[in-house]
Amino acid sequence: MASPPAMEEVRATSAWVASRASHVVVDSSGIERVVDTIGDSIPKVEWDYEGIHYFDNGPLTVQYLFVLDALNFCFWPDKDLSYDHLALGLKEALEKDKSAFDAGRLQNYTGPQLRELLKWPRPLPLEDERLRLLHEVGHELERSFNGKASNLVKSSGKSAGKLVALVTRHFPGFRDHSVYKGHQVFLYKRAQIFAADLWGAFKGQGYGEFHDIGSITIFADYIVPAVLRQLGVLQYSSALMNTIEADNEIVSGTEEEVELRACSVYAVEKMRELMSRKLGKQVLSVELDLWLWSCGVQSPSLRHHRTLSIYY
Ligand SMILES: Nc1nc2c(c(CN[C@H]3C=C[C@H](O)[C@@H]3O)cn2[C@@H]2O[C@H](COP(=O)(O)O)[C@@H](O)[C@H]2O)c(=O)[nH]1
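(A) Spotlight on the overall build of the protein chain. From N to C terminus, the protein chain includes 14 helices and four strands. Scaling as 2.2 N^0.38, a compact globule of 312 residues should have a C-alpha radius of gyration of about 20 Å, and the protein chain matches this with 19 Å. Residue pairs in contact within the protein chain that sit at least 24 positions apart in sequence constitute 77% of those at least 6 positions apart. With the model as given, the accessible surface of the protein chain reaches about 13,200 Å², and the carbon-plus-sulfur share is 51%. The average position of the 34 basic charges and that of the 41 acidic charges among the side chains of the protein chain differ by 2 Å.

(B) Highlighting the site of the ligand. Neighbouring residues of the ligand: 21 residues in total, closest W47, D48, N72, K189 and D289. At a separation of 2.4 Å, an oxygen atom of the ligand approaches a polar side-chain atom of K189. When the ligand is considered free in solution it has 670 Å² of accessible area, and contact with the protein chains removes 94% of it. Elements that contribute at least two residues to the shell around the ligand include exactly α10 (189-201) and α14 (285-297). The element contributing the most residues to the shell around the ligand is α14, with four residues. Residue composition of the shell around the ligand, grouped by class: 13 nonpolar, three polar and five charged.

(C) The arrangement of the nonpolar core in detail. Within the largest apolar cluster, 115 residues are counted, with the highest numbers of intra-cluster contacts made by F66, F194 and L198. Here the element with the most residues in this core is helix α13 (residues 255-279); it accounts for 10 residues. Excluding anything up to four places from it in sequence, F66 contacts V137, L141, A149, L152, V167, F171, F174 and F194.

(D) Quick look at the pairing of strand β2 (residues 177-180). Alternating residues of β2 divide into S178 and Y180, all buried, and H177 and V179, none buried. The pairing of β2 with strand β3 (residues 183-186) spans four bridges and is classified as antiparallel. Bridge assignment links H177 to a residue of β3, and that residue is F186. Where β2 folds back onto β3 in an antiparallel hairpin, the turn is made up of two residues, including K181, whose phi is positive at roughly 45 degrees.

(E) View of the pattern of salt bridges. Taken as a whole and assessed by the stated rule, the structure comprises 20 salt bridges. The residue D176 makes a salt bridge to R261 at a minimum N-O spacing of 2.8 Å. Of this pair, D176 sits in the loop between α9 (160-170) and β2 while R261 sits in helix α13, and the two are 85 residues apart along the sequence. Accessibility expressed as a relative area gives 1% for D176, which makes it buried. The buried category is assigned to R261, whose relative accessible area is 3%. Two residues, E269 and R272, come together in a salt bridge whose shortest N-O distance is 3.2 Å. Taken together, the residues E269 and R272, both in helix α13 and three residues apart, mark about one turn of the helix.

(F) Broad picture of the side chain of H305. Mapped onto the elements of the fold, H305 is located in the segment after α14. H305 gets classed as buried once you look at its relative accessible area, which sits at 3%. Here the side chain of H305 touches Y312 through a polar contact of 2.9 Å, side chain to side chain. When neighbours within four sequence positions are excluded, H305 is seen to be in contact with D221, Y222, P225, I244, I250, L260 and Y312.

Conventions used here
- Residues numbered from 1 in each chain as written.
- Predicted model: local features only at pLDDT ≥ 70, side-chain atom pairs only at ≥ 80, totals over all residues.
- Heavy atoms only, no water.
- Helix = DSSP H or I, 4+ residues; strand = E, 2+ residues; numbered from the N terminus.
- Rg over C-alpha atoms; globule rule 2.2 N^0.38 Å.
- Contact = heavy atoms within 4.5 Å.
- Areas by Shrake-Rupley, 256 points an atom, 1.4 Å probe, with all protein chains shown as cover.
- Lys, Arg positive; Asp, Glu negative; His and termini not counted.
- Charge placed at Lys NZ, Arg CZ, Asp CG, Glu CD.
- Near = heavy atom within 4 Å.
- Polar contact = N/O pair within 3.5 Å; in protein donor to acceptor, adjacent residues only side chain to side chain.
- Nonpolar A, V, L, I, M, F, W, Y, C, P; charged D, E, K, R; others polar.
- Core = buried A, V, L, I, M, F, W, Y, C linked by side-chain atoms within 4.5 Å.
- Buried < 20%, exposed > 50% of the residue type's maximum accessible area, 1.4 Å probe, protein only.
- Pairing = 2+ DSSP bridges.
- Salt bridge = Lys/Arg side-chain N within 4 Å of Asp/Glu carboxyl O.

This is the structure in structure tokens:
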């Protein structure tokens, strides 16, 4: 089945970058090795394997996941902060006050209030941007979806691709794209992870039912590229490797940064095709992502690239 346009954009533009990349190489023999080694047995990683997310099987869970994914980026500048703090902090805040994520409230949070909500003792990385995005979510939910992220999901007609398109059209903060060698490249990490989180949380039912969940790609963050490199699927130029090893920042929108992310998406799509051809097995990119990401976060010594970005 053809991918819906938003997802087709991600696949096509990632492939375009991979075919012209000079800092990152996708090693097809590395992909073959991984597929031969893991064969049929990709570890099935349970969504929320750490029990850190809010879940009540209803619309408030959708509101929670949308707020979570609006803020799901750039934890590394504070070495003690991680995604888990965000997920758990928002969960506890919502348990304490069920109206904490009402659209009107989202538009008015201040820095100190957000820190208090997350029980974080100092300014968050890119805190101003986090606030701006929170306000944007509240404002646009109120303007177009009667204040409810669940209405946004209902409007997508059980299509993950349509949901990604809707989210990126309505909420500029989710428009994860860059210009590479003069061409626009779309990766839509946080919009796609929102669809995947719904699918995982609701176990493919209700708000998590999508007939095209297979159209979603992986979520190009700073963990998955590092895992793919460790597996021998990606190779970096020595200059890029040195930058990463030295923990030097890679500026958002540079060729290096776009290649790291786009080549990761492309490599996993190739891995998926090979699994289908060699093993006759249809694996979802979401499943591959969860496996790769969980490998990465369980390996604290893994060095990843550092980019200040609101997208991941
Ligand atoms: N590709 C991919 N990237 C993901 C996630 C998730 C969270 N997914 C959870 C949701 C349900 C499941 O239970 C998953 O566990 C966060 N990230 C990204 O990682 C980085 C944070 O790293 P650190 O600083 O070490 O916490 C940051 O860029 C963040 O945006 C994922 O699933 N895939």
